[in-house]
Number of protein chains: 2
Amino acid sequence: MCHSQHNFCKPIKIYWQYCIRNGIKKPFTEVIKANIGDAHAMGQRPITFLRQVVALCTYPNLLDSPSFPEDAKERARRILQGCGGNSLGSYTASQGINCIREDVASYIERRDGGVPADPDNIYLTTGASDGISAILKILVSGGGKSRTGVMIPIPQYPLYSAAISELDAIQVNYYLDEENCWALNVNELRRALNEAKAYCNPKVLCIINPGNPTGQVQNRKCIEDVIHFAWEEKLFLLADEVYQDNVYSEGCQFHSFKKILYEMGPEYYNNVELASFHSTSKGYMGECGYRGGYMEVINLHPEIKGQLVKLLSVRLCPPVSGQAAMDIVVNPPVPGEESYAQFIKEKESVLNNLAKKAKLTEDMFNKIPGIHCNPLQGAMYAFPRIFIPSKAIEEAKAHKMAPDMFYCMKLLEETGICVVPGSGFGQREGTYHFRMTILPPVEKLKILLEKVKDFHIKFLEKYA
Amino acid sequence: MCHSQHNFCKPIKIYWQYCIRNGIKKPFTEVIKANIGDAHAMGQRPITFLRQVVALCTYPNLLDSPSFPEDAKERARRILQGCGGNSLGSYTASQGINCIREDVASYIERRDGGVPADPDNIYLTTGASDGISAILKILVSGGGKSRTGVMIPIPQYPLYSAAISELDAIQVNYYLDEENCWALNVNELRRALNEAKAYCNPKVLCIINPGNPTGQVQNRKCIEDVIHFAWEEKLFLLADEVYQDNVYSEGCQFHSFKKILYEMGPEYYNNVELASFHSTSKGYMGECGYRGGYMEVINLHPEIKGQLVKLLSVRLCPPVSGQAAMDIVVNPPVPGEESYAQFIKEKESVLNNLAKKAKLTEDMFNKIPGIHCNPLQGAMYAFPRIFIPSKAIEEAKAHKMAPDMFYCMKLLEETGICVVPGSGFGQREGTYHFRMTILPPVEKLKILLEKVKDFHIKFLEKYA
């Protein structure tokens, strides 16, 4: 079981140690880490405007420098005014700096075509994962048959399984439909829920949209169905929307759960409890290291809200430079401002590149015999299904390894390409996958995909 | 029960709301928040060199700017080389950037007069509190009589009681000796431990040195006694040393637990499990908002170490700008470097000022009838004992308030000074205290102390 993105590096370490111990020369010159959604580490450049504002906040002497644009200075001054003693070094309120929560609320209103957002419902967080863990923590309770069940998609991002296990809650799996572009089907939600009711108290439904590792983008009908289901079953909806800017396929569009909930009318909007999450780490900015994020929580019971505030206050406050970075994500340059042209150019360059790489990856995988890859509608990963011959499965078992782990280790040993076995995310029994990021630069990605192709063909031959 | 520094603001909010509701005009023009150790919010200026390095890391274009000193640029280049894609925006290893952990180890070796420190034992954290919570989490286990007991000083910093209660562990109180400058006495540790053994399994001994809220600095003999006790009783030692730079009283000196442990010889050094903590938030830098920190953990059982690494990996990595800030705390300018003179001037100015204010506060409190204040040997708080007349205690009870909370609310209402009641930290039954920071600028602090004096005298008269 893979418990975090960072454990994805484990196979590399094990293999390295093995090579060193045995004096083995590797048949490649470079390891390509396609295992983590870590854009800057793969060469993506930071968005200039974001870094300018954070640098100005860090070292306010720069506010007098003519080499920084006026719109960046304005943002920095506003953020600093929200800080005690005008310093990033002061604690902020546990919920985050007021003016940044206001900017988040305005962003959500713009994004959702005017659906109102209340800054009081916004909580700045230490990356999205911190918010997700906090919400799960306050929702989980009870023992025995009344233990809290948390419904998560399979495949899922392993933060969920790790948090659920840490909280001693029950993981309730619902399967995404691989035959149908990893779509979410409400009948499958119902099956999973009804079965789970026999042994726990399912209270939370987690959705990842756009999907990680699966990359599907949910359409409006699907979201309506999910919301209706949550309303009917009184489930707390947890919408992980950190890839909201990462939508590539034509005809696909990001719809926030909050917006659709509102449009379904007051019976839904006033009743369904919803927490949705965003982050500085993905999108076009890829600022993972800042640990910036926010959550919007609506219809939370006042008592539970009190618990949440208390829990968040123990950690004092989210890192303030991460809060500043989040502010720029929700309050970027607008037309007429000095930095607008460069900002849009940089943003579109990243997103257009990702879209190109999404298509390239899908196409190249689907040309490889024994590999099938659904369209990468969004996010930043491919999760292709791989055929593993029964001889290879036997050999894996002899090594006490999951077959897809065996496959990924071989891939690493022979090509230097590091991807994550599907068993780290969960998959239907008897199917095998791996997750690979599409973050390497286009030319490198092409080489990488060619190498996977050669490897896979040889692998099939060897274990035929 | 006060669960965090941030809840210390609660009385202000309640009082504000009350004033607004009732149209009450306040008899003061400004609230002075002397409740949180938040240096920059109280007007302390950031250390220039630290901010220069973080700004250079944030916006590397500045590496070409002639207005930044070369030693700052060197530090920034080194940190960026430790980052994936040379960017603060990449994830780092969960344990923190390698070269920063190396700098931490060198710092500890210098601080401890050559006692070796291994970068593998260093974990960068999101402030010290994150590390303390993580260590407590992996050490706590069992139910019923085998529930883990965690020994904490009374008075204590409320992070401990909050974390212990969150983990469903048992808080085992040992009392510091107020009559003896808040010293720690091993007989009291033994009493507390023996009593606790009847109802739980005491496994962890927490020490805060210099003390918070009590400000005492432990001498070498005391630390040796504590270590011998921990060795004898096989207790895990948790040494909260975030105020290691904040020592003011003549004849007092900071000794790290690690150093004394080493000097006591291999029987101790190879056996006692010790985690010690430091942070960017206190000292002379006061960079709370960066959420930077580290812990050094020695003699940790390999299995427990595995659990720790797994736990830390779920949160991905500590904020990278906080890691960079921590680097400058452990690797500041040295003689011969361009920035040395200014750095030392700024550092000494902050520390000399704090020392002056520590003495001033002690002296002024001890001139007030009904207030006794121990010497503020270190840290950044006074924790004076206050006499509350029985009539006031009765009135507090009628309002369902702890007497010291009643006192602090009255102080706030009448003077605008916000301090924290001793009951938030724990105190011997029948004694009353409050915690006040010494962070306001000297002139403001004098006014504040005069106001407390006037208030206290009137309070005594009113309830005589």
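These numbers were taken from a predicted model, which means no experiment stands behind them. (Residues numbered from 1 in each chain as written. Chains lettered and ligands numbered in written order. Predicted model: local features only at pLDDT ≥ 70, side-chain atom pairs only at ≥ 80, totals over all residues. Heavy atoms only, no water.)

1. Describing the overall build of chain A
- On a plain count of helices and strands, chain A comes out with 16 helices and 14 strands.
- Rg of the C-alpha trace for chain A: 23 Å, near the compact-globule value of 23 Å for 464 residues, within the 12% margin.
- Its C-alpha atoms give chain A principal-axis dimensions of roughly 65 × 60 × 45 Å.
- By the burial criterion, 62% of the 464 residues in chain A qualify as buried. (Helix = DSSP H or I, 4+ residues; strand = E, 2+ residues; numbered from the N terminus. Rg over C-alpha atoms; globule rule 2.2 N^0.38 Å. Buried < 20%, exposed > 50% of the residue type's maximum accessible area, 1.4 Å probe, protein only.)

2. Description of the pairing of strand E6 (residues 236-240) of chain B
All names here are of chain B.
- Within E6, five of the five residues are buried, which leaves the element mostly enclosed by the surrounding structure.
- Residue alternation in E6 divides its side chains into two sets, Phe-236, Leu-238 and Asp-240 and Leu-237 and Ala-239, and both sets are buried.
- As paired strands, strand E5 (residues 201-208) and E6 are joined by five bridges and run parallel to one another. Looking at the pairing, Cys-206 lines up with Leu-238 of E6.
- Regarding topology, helix H8 (residues 220-232) serves as the crossover connection from E5 to the parallel E6, and that connection is right-handed.
- Examined bridge by bridge, E6 and strand E7 (residues 274-279) share four bridges and lie parallel to one another. Note on E7: the bridge partner recorded for Ala-239 is Ser-276. (Pairing = 2+ DSSP bridges. Right-handed = clockwise from strand over helix to strand, strands pointing away.)

3. Re the interface of chain A and chain B
- Contact residues are listed per partner, giving 56 residues for chain A and 56 residues for chain B.
- Approximately 4200 Å² of surface area, both sides summed, lies buried where chain A meets chain B, with 57% of it carried by carbon and sulfur atoms.
- Taken together, the links from chain A to chain B amount to two salt bridges.
- Glu-166 of chain A is the partner of Lys-137 of chain B in a salt bridge, and the nearest nitrogen-oxygen pair spans 2.3 Å.
- Between chain A and chain B we count 25 residue pairs in polar contact (both at pLDDT 80 or more) in total.
- Those elements that provide at least two residues to the side of chain A that touches chain B are helix H2 (48-58), helix H5 (127-139), helix H6 (159-166), helix H11 (302-314) and helix H12 (320-330) of chain A. (Contact = heavy atoms within 4.5 Å. Buried area = accessible area lost by both parts, 1.4 Å probe. Salt bridge = Lys/Arg side-chain N within 4 Å of Asp/Glu carboxyl O. Polar contact = N/O pair within 3.5 Å; in protein donor to acceptor, adjacent residues only side chain to side chain.)

4. Comments concerning the pairing of strand E5 (residues 201-208) of chain A
All names here are of chain A.
- Of all eight residues making up E5, six are buried, and the element is well covered by its neighbours.
- Pairing geometry for strand E3 (residues 148-154) and E5, over four bridges, is parallel. Looking at E5, one finds that Gly-149 is bridged to Pro-202.

5. Some details on the sheet that holds strand E10 (residues 381-382) of chain A
All names here are of chain A.
- The strand order E10-E14-E13 describes an open sheet built from three strands, whose pairing is antiparallel. Edge positions in the sheet fall to E10 and strand E13 (420-421), since each of these pairs with one other strand and no more.
- For E13 and strand E14 (residues 434-437), the ladder comprises two bridges, and the chain directions are antiparallel. Each bridged residue has a counterpart across the sheet, and for Pro-421 the counterpart in E14 is Phe-434.

6. Considerations on the domain arrangement of chain A
Residues and elements named next belong to chain A.
- Domains assigned within chain A are domain 1 (6-43 + 344-462) and domain 2 (89-330).
- In this structure, domain 1 and domain 2 have C-alpha centres spaced 28 Å apart.
- Of the roughly 2600 Å² buried where domain 1 meets domain 2, counting both sides, 56% is carbon and sulfur surface.
- Inspection of the region where domain 1 meets domain 2 yields two salt bridges.
- For Arg-385, the salt bridge identified is with Glu-179, shortest N-O distance 3.6 Å. (Domains from an automatic or database assignment.)

7. Here we look at the nonpolar core
- Of all hydrophobic cores here, the largest spans 246 residues; its most connected members are Ile-135 and Phe-365 of chain A together with Ile-135 and Phe-365 of chain B.
- When sequence neighbours within four positions are dropped, the list of residues in contact with Ile-135 of chain A reads Phe-236, Leu-238, Ala-275, Phe-277, Met-295, Val-297 and Leu-308 of chain A. (Core = buried A, V, L, I, M, F, W, Y, C linked by side-chain atoms within 4.5 Å.)

8. Quick look at the packing of aromatic side chains
Residues and elements named next belong to chain A.
- On inspection of all chains with the given rule, the structure shows 30 aromatic pairs over all chains.
- The rings of Phe-365, Phe-406, Tyr-407, Phe-434, Phe-455, Phe-459 and Tyr-463 are connected pair by pair, giving a single aromatic cluster.
- Geometry around Tyr-381 places Arg-435 over its ring, the cationic atom sitting 3.8 Å from the centre. (Phe/Tyr/Trp six-rings, centres within 6.5 Å; stacked < 30°, edge-to-face > 60°. Lys NZ or Arg CZ within 6 Å of the ring centre and 35° of its normal.)

9. Points about the sheet that holds strand E7 (residues 274-279) of chain A
Residues and elements named next belong to chain A.
- One open sheet holds the seven strands; their spatial order is E2-E8-E7-E6-E5-E3-E4, and the pairing between them is mixed. At either margin of the open sheet sits one strand with a lone partner, and together these are strand E2 (122-126) and strand E4 (170-175). Each neighbouring strand pair of the sheet contributes to a mean axis angle of 25°, computed without reference to strand direction.
- Direction of pairing for E3 relative to E4: parallel, over a ladder of six bridges. Note on E4: the bridge partner recorded for Ile-152 is Asn-173.
- Sheet contacts for helix H7 (residues 186-196): E3, E4 and E5; angle to E4, the most-contacted strand, approximately 150°. (Axes fitted to C-alpha atoms, helices over the stretch in contact; angles between N-to-C directions.)

10. Examining the relation of the copies chain A and chain B
- For the match of chain A to chain B, the screw axis carries a shift of 0.0 Å, the RMSD comes to 0.0 Å, and the turn is 180°. Such a combination of turn and shift is consistent with a two-fold rotation axis. Closest to the rotation axis within chain A is the C-alpha of Ala-55 of chain A, separated from it by 2.4 Å.
- Take the interface residues of chain A: 100% of them recur as interface residues in chain B, which is what a same-surface contact looks like. (Least-squares fit on C-alpha atoms with pLDDT ≥ 70 in both.)

11. Side note on unusual backbone geometry
- Of note, the amide linkage connecting Asn-209 of chain A to Pro-210 of chain A takes the cis form, showing an omega dihedral of -10°.
- Its place among the elements puts Pro-210 of chain A in the loop between E5 and helix H8 (220-233).
- Cis geometry marks the peptide bond from Asn-212 of chain B to Pro-213 of chain B, where omega comes out at 15°.
- For Pro-213 of chain B, the position within the fold is in the loop between E5 and H8.

12. Section: the packing of helix H5 (residues 127-139) of chain B against helix H11 (residues 302-314) of chain B
All names here are of chain B.
- At a minimum axis distance of 10 Å, the contact between H5 and H11 shows a crossing angle of 130°. In terms of their interaxial angle, H5 and H11 are classed as oblique. The two elements H5 and H11 meet at a crossing, and its hand is right-handed. Note on element contacts: H11 touches H5 through Ile-304, Gln-307, Leu-308, Leu-311 and Leu-312, opposite Ala-134, Ile-135, Lys-137, Ile-138 and Leu-139.
- A per-class count over the contact of H5 with H11 returns eight nonpolar, one polar and one charged. (Parallel < 35°, antiparallel > 145°, perpendicular 65-115°, else oblique. Left-handed = near helix turned anticlockwise from the far one by under 90°. Nonpolar A, V, L, I, M, F, W, Y, C, P; charged D, E, K, R; others polar.)

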